[in-house]
Amino acid sequence: MTPFVAYAIAAFASTVALFALWHSFKGFRFSNPLFYGVAATEVLLVVAGVGALFVGGNQGDPILFWSYYVTTLIIAPAAVVWGIGDKTRWGTGVVAIAMLTVAVLSIRLMQIWQGHG
Amino acid sequence: MAETQAGFGRVLVAIYAVFAISATARSLYQLLSKFDVAPVAYGLSALSGVVYIVATWALATDRRPMAWIAVGFEAAGVLIIGLVTMVNPDLLGDETVWSRFGAGYGYVPLVLPFLGLAWLVKTGRTRASASLNEPEAI
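Residues numbered from 1 in each chain as written. Chains lettered and ligands numbered in written order. Predicted model: local features only at pLDDT ≥ 70, side-chain atom pairs only at ≥ 80, totals over all residues. Heavy atoms only, no water.

### Focus on unusual backbone geometry
Residues and elements named next belong to chain B. Backbone geometry at Asp-62 places phi at a positive 60 degrees, although glycine is not the residue there. The residue Asp-62 is located in the loop between helix H2 (39-60) and helix H3 (64-87) in this model. Even without glycine at this site, Tyr-107 takes up a positive phi of about 60 degrees. The partly exposed category is assigned to Tyr-107, whose relative accessible area is 42%. (Helix = DSSP H or I, 4+ residues; strand = E, 2+ residues; numbered from the N terminus. Buried < 20%, exposed > 50% of the residue type's maximum accessible area, 1.4 Å probe, protein only.)

Here is the structure:
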């Protein structure tokens, strides 16, 4: 989980969060492009996880790192399930919050990886 | 359908769920790996995590009295521990969710309970007036 990977994921997740926020302000329902954005964030996270598993170089506590990683991975699907249950602007608001959380957790993952747990 | 299943309540539940998971998981890790360093701080974090879980569950299932107690507890906790750690930063030994009014978590722990209380007041009022104005379903 190098800084480049972490910041790239954080930037991408933040962009998807802004996109979701835009949906929310406009009162749009959960759309296909938004779904692809969330799915792409999830793919990036999986790739980063596989990379972390095989490349190595973790300076921090592995238990802490992987428990944070699993939590980060669960947030997006949970937000989609909880978000599409409400077909109003608030449903996409949930997705915006979730993507911001993923962005923050991505930075946290990097800090743990560097040993600043 | 419970009111927390719709509108802003849905966002509120989502944020509470995030804090329920993160505060509980982090404090469990701290309690298991370094309990001796700051037992009071980690114990407090664990307590706040459990109350976040109760608040999330109560809000999501529209159990209002329990939601009032849990969210009110969070509000009191962040104000008291926030004040204490401002006056004496080293008292608890390590950071908690509530330390320095939740600064370590972007002040979300400070804003969230009051958002929750405001929402409980607002939806409580509309529900009370709705039940007065609308006759029972026939």
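Right, picking up where we left off after that structure.
### Focus on the pattern of salt bridges
All names here are of chain B. Here the structure, examined in full by the defined rule, presents two salt bridges over all chains. Notably, a salt bridge pairs Arg-64 with Asp-62, separated by 3.4 Å at the nearest N-O pair. Relative accessible area serves as the criterion here: at 17%, Asp-62 is assigned to the buried category. A salt bridge links Arg-100 to Glu-95; its shortest N-O distance comes to 2.9 Å. For Arg-100, a relative accessible area of 35% puts it in the partly exposed group. (Salt bridge = Lys/Arg side-chain N within 4 Å of Asp/Glu carboxyl O.)

### Side note on the packing of helix H1 (residues 3-26) of chain A against helix H2 (residues 32-55) of chain A
Residue and element names in this part refer to chain A. At their nearest, the axes of H1 and H2 sit 10 Å apart, and the two run at 165 degrees to each other. The orientation of H1 relative to H2 falls into the category roughly antiparallel. The handedness of the crossing between H1 and H2 is left-handed. Residues Val-5, Ile-9, Phe-12, Ala-13, Val-16, Phe-19, Ala-20 and His-23 of H1 lie in contact with H2, whose contacting residues are Pro-33, Leu-34, Gly-37, Val-38, Ala-40, Thr-41, Leu-44, Leu-45 and Ala-48. Of the residues assigned to the contact of H1 with H2, the class counts are 14 nonpolar, three polar and no charged. (Axes fitted to C-alpha atoms, helices over the stretch in contact; angles between N-to-C directions. Parallel < 35°, antiparallel > 145°, perpendicular 65-115°, else oblique. Left-handed = near helix turned anticlockwise from the far one by under 90°. Contact = heavy atoms within 4.5 Å. Nonpolar A, V, L, I, M, F, W, Y, C, P; charged D, E, K, R; others polar.)

### A short note on the layout of surface pockets
Its boundaries defined by the atoms lining it, the largest pocket holds a volume of some 850 Å³. Within the residue set of the lining of the largest pocket, elements represented by two or more residues are helix H3 (62-84) and helix H4 (89-113) of chain A together with helix H1 (8-34) of chain B. Looking at the lining of the largest pocket element by element, the count peaks at 13 residues for H1 of chain B. Residues that form the lining of the largest pocket fall into these classes: 19 nonpolar, eight polar and seven charged. In this model, the second largest pocket occupies a volume close to 220 Å³. (1 Å grid on protein atoms, 1.4 Å probe; cavity = no way out; pocket = protein on both sides within 12 Å on 5 of 7 lines; lining within 4 Å. Points joined across faces, edges and corners; volume = space filled by probe spheres on them.)

### A short note on H4 of chain A
If you check H4 of chain A, its first and last C-alpha atoms are 36 Å apart, about what 25 residues at 1.5 Å a residue would give, namely 36 Å. Count one or two residues on from H4 of chain A and you reach Gly-115 of chain A, which has phi positive near 90 degrees. (Expected span 1.5 Å × (residues − 1).)

### Some details on the packing of aromatic side chains
In this structure the tally under the stated criterion is eleven aromatic pairs over all chains. With 5.0 Å between their ring centres and 90 degrees between their planes, Phe-65 of chain A and Trp-66 of chain A make a pair best called edge-to-face. When the ring of Phe-19 of chain B is compared with that of Tyr-52 of chain B, the centres are 5.7 Å apart and the planes differ by 45 degrees; the resulting orientation is tilted. Of the two residues, Phe-19 of chain B sits in helix H1 while Tyr-52 of chain B sits in helix H2, which places them 33 residues apart along the sequence. Considered together, Phe-19 of chain B and Tyr-52 of chain B belong to a single accessibility category, that of buried residues. Taken together through their ring pairs, the aromatic side chains of Phe-65, Trp-66, Tyr-69 and Trp-113 of chain A make up a single cluster. When the ring centre of Trp-82 of chain A is taken as reference, the NZ or CZ atom of Arg-10 of chain B above it lies at 4.0 Å. (Phe/Tyr/Trp six-rings, centres within 6.5 Å; stacked < 30°, edge-to-face > 60°. Lys NZ or Arg CZ within 6 Å of the ring centre and 35° of its normal.)

### Side note on the packing of H2 of chain A against H3 of chain A
All names here are of chain A. As a packed pair, H2 and H3 sit with axes 10 Å apart at the nearest point and diverge in direction by 165 degrees. In terms of axis orientation, H2 runs roughly antiparallel to H3. Of the two possible hands of crossing, H2 and H3 adopt the one that is left-handed. Contact with H2, carried on its side by Val-38, Glu-42, Leu-45, Val-46, Gly-49, Ala-52 and Leu-53, involves Phe-65, Trp-66, Tyr-69, Thr-72, Leu-73, Ala-76, Pro-77 and Val-80 of H3 and no other residues of that element.

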